[in-house]
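Letter by letter, the chains look like this.
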Amino acid sequence: APEILGQAPAMQDLFRAIGRLSQSQVTVLVTGESGSGKELVAQALHKHSPRANGPFVAINTAAIPKDLLESELFGHERGAFTGAQTMRRGRFEQGEGGTLFLDEIGDMPFDLQTRLLRVLSDGQFYRVGGHQPLKANVRVIAATHQNLEQRVRDGAFREDLFHRLNVIRLRLPPLRERRDDIALLTRQFLQKSAKELGVEAKRLSEGAQARITSFDFPGNVRQLENLCHWLTVMAPTQVIEVKDLPPELTSTEAPPVVEASAAPRSAVDPVTPIAAPAAQAGGGWLADLEREARTLLDAGAPEVWDTLTRRFEAQLIVTALSTTRGRRIEAAQRLGIGRNTITRKIQELQLED
């Protein structure tokens, strides 16, 4: 799939790992930030496996209410609960002979983790309300954006299930760690959007491409794809200039545009020193941030990074929620992050009313 094209070393390592796993039935854990393409990796593992002719069944365990998730996974018998008027096959049965992709496994309720562990250990399960064991003939691929080791330490995730899932771990790097791939992905997404809309594909000027390449993309590949779709619709000419980019890429605090004559930017080195934006601004929030950081650092305060990061994230989320009148999904979209991410951040930062 174009979305997981990549020439960066980290992506080449990932592709080689997928190739080595192509003939294996082993359980795989895919980790990576929201929007980085974890499901695409799972699809690639399925496509190149002996189970390729079987179904690929995906379920987001964070998107289904706890009371319904057990039935979604394992199915239910008729009369198992109010409203269960017919027998229903769950995702484990639907994936017979194929691959079951469990997305956001870190959010699975603790009691269901026990049932999942039993399936992975014994290869059998029961429908809700059922008494006849059924064989689970599926390969399980799980994914999460969370730190499962920390979830285990916090008592929110079973350690034995973690070790059962963590047989092979594939880390999908965020887009900011493979900036060399951004131009390639941008061209692919512009062509894809143009084809979907039935128009001629637009292209980026050198300045616009440099600005996009220097952006951190907190929403990763999904955010880049949305940006390309927006540009296909909104850019007034075939050649997209810096002035045609959305505000988050053209604000005064955005990284400076790399001139065509400048040396190529590396995947990790910034174009200018980190302190330069605050010094150039002479005021504003970056200058305030610098003063606050200096105050804490000079005072020897502990965990300065975590303290300021939490304040920054909390202010961003509170501001976004105020502009959307509390609508979380819309706030997440405006911030360029996933809805699971904003929910998790609200809990971590204790922003609940």
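On a predicted model such as this, the values are computed, not experimentally measured, just so you know.

## Things to note about the overall build of the protein
Within the protein, the secondary structure is distributed over 16 helices and 9 strands. Every one of the 353 residues in the protein was classed for burial, and the buried ones make up 43%. Total accessible area computed for the protein in this model is approximately 19200 Å², and 51% of it derives from carbon and sulfur atoms.

## Observations concerning unusual backbone geometry
Residue Glu104 is not a glycine yet carries a positive backbone phi of 55 degrees. In the Ramachandran plot, Asn220 falls in the positive-phi region, its phi being about 60 degrees despite a non-glycine side chain. Tracing the backbone shows Asn220 in helix α10 (residues 220–234). Its relative accessible area of 0% is what places Asn220 among the buried residues.

## Observations concerning the sheet that holds strand β3 (residues 99–103)
Two orientations exist for strands paired in a sheet by backbone hydrogen bonds: parallel and antiparallel. With parallel pairing, 5 strands are arranged side by side in an open sheet as β2-β3-β6-β1-β7. Each edge of the open sheet carries a strand with a single partner, namely β2 (56–60) and β7 (168–171). Strand-to-strand twist of the sheet, defined as the mean angle between neighbouring strand axes without regard to direction, takes the value 20 degrees. As defined by bridge partners, β2 adjoins β3 across 5 bridges and the pair is classed as parallel. From the neighbouring strand, Ala58 faces β3, where its bridge partner is Phe101.

## Focus: the nonpolar core
Residues Leu73, Phe92, Leu102, Ile105, Leu116 and Phe157 are the most contacted members of the largest nonpolar core, which totals 29 residues. Counting only elements with at least two residues in this core, the list comes to β2, α3 (66–74), β3, α5 (110–122), β6 (139–144), α6 (148–153) and α7 (159–165). A total of 5 residues in this core trace back to one element, the largest contributor, which is α5. Excluding its chain neighbours within four sequence positions, the residues that come into contact with Leu116 are Phe74, Phe92, Leu102, Ile105, Met108 and Leu161. In this structure, Phe189, Leu204, Phe215 and Val221 belong to the second largest nonpolar core, which totals 19 residues.

## Here's the deal with the confidence of the model for the protein
Predicted coordinates in regions of low pLDDT should not be interpreted in detail. Per-residue confidence for the protein gives a mean pLDDT of 83, with 89% of residues at or over 70. Predicted confidence for residues 252–282 stays below pLDDT 50, and this span has 30 contacts to residues more than four positions away or in other chains.

## Looking at α3
Those residues of α3 that fall on the buried side of the exposure criterion are Leu69, Ser71, Glu72, Leu73 and Phe74. Contacts made by the buried residues of α3 are with β2, α4 (91–94), β3, α5 and β4 (124–125). Positive phi appears at Gly75, one or two residues downstream of α3, with a value of about 80 degrees.

## A few points about the side chain of Lys202
The residue Lys202 is located in the loop between α8 (182–197) and β8 (203–204) in this model. Buried charge without a partner: Lys202 forms no salt bridge, and the closest opposite charge is Asp244, 8.0 Å away. Among the polar contacts listed, one links the side chain of Lys202 to the backbone oxygen of Thr232, at a separation of 3.1 Å. If sequence neighbours within four positions are ignored, Lys202 has contacts with Leu190, Leu231, Thr232, Ala235, Thr237, Gln238 and Ile240.

Each value, and the rule that gives it
Residues numbered from 1 in each chain as written. Predicted model: local features only at pLDDT ≥ 70, side-chain atom pairs only at ≥ 80, totals over all residues. Heavy atoms only, no water. Helix = DSSP H or I, 4+ residues; strand = E, 2+ residues; numbered from the N terminus. Buried < 20%, exposed > 50% of the residue type's maximum accessible area, 1.4 Å probe, protein only. Areas by Shrake-Rupley, 256 points an atom, 1.4 Å probe, with all protein chains shown as cover. Pairing = 2+ DSSP bridges. Axes fitted to C-alpha atoms, helices over the stretch in contact; angles between N-to-C directions. Core = buried A, V, L, I, M, F, W, Y, C linked by side-chain atoms within 4.5 Å. Contact = heavy atoms within 4.5 Å. pLDDT = per-residue confidence, 0-100. Lys, Arg positive; Asp, Glu negative; His and termini not counted. Salt bridge = Lys/Arg side-chain N within 4 Å of Asp/Glu carboxyl O. Polar contact = N/O pair within 3.5 Å; in protein donor to acceptor, adjacent residues only side chain to side chain.

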